[in-house]
Amino acid sequence: MGQVTHPKLVNIDFERSYITSVIYDDESLTLEMDFLLQEAHSKYAAPQQEGEGRFKPGFIRFSALEDLRLAKAKPAAGKEVDYSDIYEATIDGNYVHIHGGWGEIELTAQSIQVAFD
């Protein structure tokens, strides 16, 4: 298992969150996500109904990239994959490694921005 220790991601269960979109260019990589917030997070809201999730849509943007390596997943023929799943994540300082249904993302970024809808 990885370790998500970046201060902007405190009280977010990153590995149980979901990636809904990956957007990248020469200067940044943005992951649109459904974040699973823990009760101690300032944006957490208790579910209104039983069975409702504690997910909050938003994004995480990595910019001022120094290194970027993307390896898109190539599922076996006939095998179904949920591209939004995160299997393992390490975000520590300016280093990021995420392995999930989408594939593998590894980067070094000088700026990490987290925002919620």
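Residues numbered from 1 in each chain as written. Predicted model: local features only at pLDDT ≥ 70, side-chain atom pairs only at ≥ 80, totals over all residues. Heavy atoms only, no water.

(A) Representation of the overall build of the protein within the structure. Across its full length, the protein carries zero helices and six strands. A principal-axis box enclosing the C-alpha atoms of the protein has dimensions of 40 × 40 × 25 Å. In the protein, which comprises 117 residues, the proportion classed as buried is 32%. Taking as baseline every contact in the protein between residues at least 6 positions apart, the subset at least 24 positions apart corresponds to 63%. (Helix = DSSP H or I, 4+ residues; strand = E, 2+ residues; numbered from the N terminus. Buried < 20%, exposed > 50% of the residue type's maximum accessible area, 1.4 Å probe, protein only. Contact = heavy atoms within 4.5 Å.)

(B) Expanded view of the sheet that holds strand S3 (residues 55-72). Read across the sheet, six strands follow the order S1-S2-S3-S6-S5-S4 without closing on themselves; strand pairing throughout is antiparallel. At either end of the open sheet lies a strand with only one pairing partner, and these are strand S1 (18-24) and strand S4 (86-92). Put simply, the sheet's adjacent strands are angled 30 degrees from each other on average, direction ignored. Sheet topology places S1 next to strand S2 (residues 28-36); six bridges connect them, and they run antiparallel. Within S2, the residue paired with Val-22 across the bridge is Leu-31. (Pairing = 2+ DSSP bridges. Axes fitted to C-alpha atoms, helices over the stretch in contact; angles between N-to-C directions.)

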